[in-house]
Amino acid sequence: MRDEEKAKKIISRVIELLIEHVGLVTPTLAGREVIGGRFILYKYSLGDLGECRIIVDGKRDFMAQMTICLLKEKLEPGILGEEYYGVSRNTGFAEAPRGVIEGFPRGQKLIPKPVVYAVNGIPRVSVESWRLVVEGLVEKPLELSYEELLSLGLQAVNSMFHCVTGWSISERKWEGIPLKRIAELAKVKNNAKWVLVESLDGYTTIIPIEDFLHPQSILALRIDDKPLSPEHGFPARIFIPHLYGWKHAKWVKRIIFLKEYVDGYWEALGYHERGNIWREERFKGT
Ligand SMILES: Nc1nc2c(c(=O)[nH]1)N[C@H]1C(S)=C(S)[C@@H](COP(=O)(O)O)O[C@H]1N2
Ligand SMILES: [Mo]
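Values in this document were obtained by computation on a predicted structure and should not be read as measured data. (Residues numbered from 1 in each chain as written. Chains lettered and ligands numbered in written order. Predicted model: local features only at pLDDT ≥ 70, side-chain atom pairs only at ≥ 80, totals over all residues. Heavy atoms only, no water.)

1. A look at the layout of surface pockets
One simple way to see leftover space: roll a probe sized like a water molecule over the atoms.
So, point 1. By volume, the largest pocket is sized at about 740 Å³.
So, point 2. In this structure, the largest pocket is lined by 38 residues; those nearest its centre are V115, V116, Y117, R237 and K250.
So, point 3. Going through the elements one at a time, β2 (39-45), β9 (167-178) and β13 (226-227) are the ones with two or more residues in the lining of the largest pocket.
So, point 4. Here the lining of the largest pocket gets 4 residues from one element, more than from any other, and that element is β9.
So, point 5. The class makeup of the residues in the lining of the largest pocket is 22 nonpolar, 6 polar and 10 charged.
So, point 6. Lining the lining of the largest pocket are residues from two domains, each supplying at least three of them: domain 1 (3-70) and domain 2 (109-268). (1 Å grid on protein atoms, 1.4 Å probe; cavity = no way out; pocket = protein on both sides within 12 Å on 5 of 7 lines; lining within 4 Å. Points joined across faces, edges and corners; volume = space filled by probe spheres on them. Helix = DSSP H or I, 4+ residues; strand = E, 2+ residues; numbered from the N terminus. Nonpolar A, V, L, I, M, F, W, Y, C, P; charged D, E, K, R; others polar. Domains from an automatic or database assignment.)

2. Remarks on the site of ligand 1
So, point 1. Near ligand 1 there are 20 residues, and of these V115, V119, H232, R237 and K250 occur at the shortest range.
So, point 2. Residue Y117 places a main-chain N or O atom 2.9 Å away from an oxygen atom belonging to ligand 1.
So, point 3. Contact with the protein chains removes 98% of the 530 Å² of surface that ligand 1 exposes when unbound.
So, point 4. In a pocket analysis with a 2 Å cut-off to the grid points, ligand 1 is assigned to the largest pocket.
So, point 5. When its residues are assigned to classes, the shell around ligand 1 shows 13 nonpolar, 4 polar and 3 charged. (Near = heavy atom within 4 Å. Polar contact = N/O pair within 3.5 Å; in protein donor to acceptor, adjacent residues only side chain to side chain. Areas by Shrake-Rupley, 256 points an atom, 1.4 Å probe, with all protein chains shown as cover. Sits in = over half its atoms within 2 Å of the grid points.)

3. Section: the sheet that holds strand β7 (residues 142-144)
So, point 1. Read across the sheet, 5 strands follow the order β7-β6-β15-β10-β11 without closing on themselves; strand pairing throughout is mixed. Unpaired on one side and paired on the other, β7 and β11 (204-208) mark the two borders of the sheet. Direction aside, the axes of adjacent strands within the sheet are offset by 15 degrees on average. (Pairing = 2+ DSSP bridges. Axes fitted to C-alpha atoms, helices over the stretch in contact; angles between N-to-C directions.)

4. Brief notes about the side chain of R274
So, point 1. Tracing the backbone through its elements, the reader meets R274 in the segment after β15 (252-258).
So, point 2. At a separation of 2.3 Å, a polar atom in the side chain of R274 contacts the side chain of E281.

Given below as structure tokens:
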């Protein structure tokens, strides 16, 4: 199979480089996943070293990219070079997405119910002691309780939701605090370029400031007139209609404004810095 051949070619090159720098490594194919009907993700296990994910673009005759997740102390990312390593970089910002809830993005299929994702499990949250912390490049760090958030006033956003793996759910009524409002309350400094969101379970994701401040971006507390359910992120999750689902961190604990880009959980595994659904920004470098 052609795509698998391409993946094999990349993994052999990676292994050569690894052998040169760390010694003998044997990859074993651990899984294959079709993403967005267009990319094929091959997961190779590298034993102790971690995992190597190779993404092949089935349509264009070109090896899209790969990202390698290794024990940091064993291997510095730089040695694989930009071509082979999913180098984190700011690829610039999109024009404002045309009609955020209009149309249907390429490579997506509607399914009736969202799939629940929880890479680190579903945390139990006591809403009385839960606080949203807002810090980093702000003049006024915040610590807000659930009640305080509610009192800021909710904005409804009727929108679909799109997971990067290719499933979407139809329009729902998401309600929450505009992220722009939170940024204003914290008096975000103008050198802030990225927003790292951290969840109670340790999950993280990173969002460009432009997308964070978009008028339809909210810290969602409710869906379809009910509070979020525990598995869908109670008490609060990010909801940004024009970004893929992995940017919608559930069980949010901390919002940190940063000057420089850092990888979150999926970004470290090769997912895109921004993740705009209209530009099909699924993986870094695509
Ligand atoms: N804390 C946390 N947030 C998360 C995830 C996760 O594993 N942990 N998965 C993300 C991904 S990949 C998607 S598609 C959506 C899925 O939302 P759902 O579980 O409510 O369907 O949650 C996102 N937020
Ligand atoms: Mo996702």
